[in-house]
Amino acid sequence: MSNLSSKDFELTIDGKNTQLFTLKNKNGLNAVFSNYGQRIISLHVPDKQGNFDDIVLGFSSLPEYFDGPGKYFGAVIGRYGNRIAQGEFTLNGTTHRLTKNKGGNHLHGGKNGFGSVVWDATQVSEGEIHFSGVSPDGEEGYPGNLFCEVTYKLNDTNELIIEYKAKTDKATPVNLTHHSYFNLKGAGNGTVDRHILHINANSFTPVDQHIIPTGSLESVQGTPFDFLEPKPIGRDIKTRNEQLEFGNGYDHNFVLDTSSKRDDDLIFAAKVVEPESGRTMEVYTNEPGIQFYSGNYLGIKGKKRKYYEDRGAFCLETQHFPDSPNNLNFPSTILQPDEVYKSTCIYRFGVLTEEV
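Residues numbered from 1 in each chain as written. Predicted model: local features only at pLDDT ≥ 70, side-chain atom pairs only at ≥ 80, totals over all residues. Heavy atoms only, no water.

Draft legend 1. Inspection of the sheet that holds strand β24 (residues 279–285) at higher detail. The 9 strands are arranged β12-β13-β14-β15-β30-β24-β23-β18-β21 in an open sheet whose pairing can be described as antiparallel. A strand with exactly one partner marks an edge of an open sheet, and here the two such strands are β12 (120–125) and β21 (231–232). As paired elements, β24 and strand β30 (residues 341–351) share 7 bridges and run antiparallel to each other. Its bridge partner lying in β30, T280 is registered against G350. (Pairing = 2+ DSSP bridges. Helix = DSSP H or I, 4+ residues; strand = E, 2+ residues; numbered from the N terminus.)

This is the structure in structure tokens:
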């Protein structure tokens, strides 16, 4: 269903071979991965008529992912997802200087973050794949050897489950996430402005002009950031608002309401509905935040030479807050040697049973 040529994804990078892996479930859903950056290359899900389409942005060959505006498409992000101000933080009295790769700041783990790594991969079953690797001490400026494992499962209830696990031999910040760009109409089939979004968050973390959090929390009430009642992504996106002007749209961390935690310690984070196709996507996590990005800077050709226009996709990245190592009032992202980092993200796909 993916129409991808495996030969276009088979390279040798830093002495390791890249290849494609496919997860399937009994309902026909399938997700194609590369072990380069643990990327989801394609993800086919049905609409309300039972027709399948690829709902993630991406490319038809691996070299297209190496640089440019699509370099994060579908990738795992680490050692620290999102931004760290001025590319530095102080931990236990030592200032650590990281790679600066975005306007004098550190973004998504640096120049060669986890999305640029060839991971060891094991296909456990038709519905599960396991990736592992080591981020060495000093990589991109981070302290400690970080031992990482990420497992992806596609089950028969149409959930794509991502389970992150990490250990370290020195105290270090860790904030792993996943960076697929979704369009529930199908990748390259227009903007996501009419997708209806619900985010389970009473507040968000406002940013400065460099998209660095100011350190405060702001209520969503009475602002364009209020998605407590589901609304189209594009409804308020052009509202005159300094925060929207800084990001040319939404590119903000939302502080999730953790009061409705389930027995498995996960919380409902967000839901997206695309009325035309009837496709839906729900997000669950044990993380305190979620980054909503409205695809403000795209303008690129992707798979099947389809054009991905600005706001042609959205991202919902479960996470701790950006720049937490420099904000003591944010939940800590410091992993100690005697601890185990565990994070879960579930994307659950469905279809509408009635009209919106």
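Draft legend 2. Just the nonpolar core, in detail. Counting residues in hydrophobic clusters, the biggest one holds 57 residues, and the most contacted among them are I199, F254, F292, F314, L316 and F349. Among the elements that make up this core, the one with the highest residue count is strand β14 (residues 146–154) (5 residues). (Core = buried A, V, L, I, M, F, W, Y, C linked by side-chain atoms within 4.5 Å. Buried < 20%, exposed > 50% of the residue type's maximum accessible area, 1.4 Å probe, protein only.)

Draft legend 3. Focus on the pairing of β24. The element β24 is extensively covered by neighbouring structure, given that 7 of its 7 residues are classed as buried. Residue alternation in β24 divides its side chains into two sets, R279, M281, V283 and T285 and T280, E282 and Y284, and both sets are buried. Where strand β23 (residues 267–273) and β24 come together, 6 bridges link them in antiparallel fashion. Paired with V272 across the strands is M281, a residue of β24. The hairpin turn running from β23 into β24, its antiparallel successor, is 5 residues long, and G278 in that turn takes a positive phi close to 80°.

Draft legend 4. The arrangement of the pattern of salt bridges in detail. According to the stated counting rule, one finds 13 salt bridges in the structure shown. Between R348 and E159 there is a salt bridge, with the nearest N and O atoms lying 2.8 Å from each other. Of this pair, R348 sits in strand β30 while E159 sits in strand β15 (residues 159–168); the two residues are 189 residues apart in sequence, bridging distant segments of the chain. Judged by relative accessible area, R348 falls into the partly exposed class, the value being 25%. Across the pair D264 and R262 runs a salt bridge whose closest N-O atoms are separated by 2.7 Å. Its relative accessible area of 41% is what places D264 among the partly exposed residues. (Salt bridge = Lys/Arg side-chain N within 4 Å of Asp/Glu carboxyl O.)

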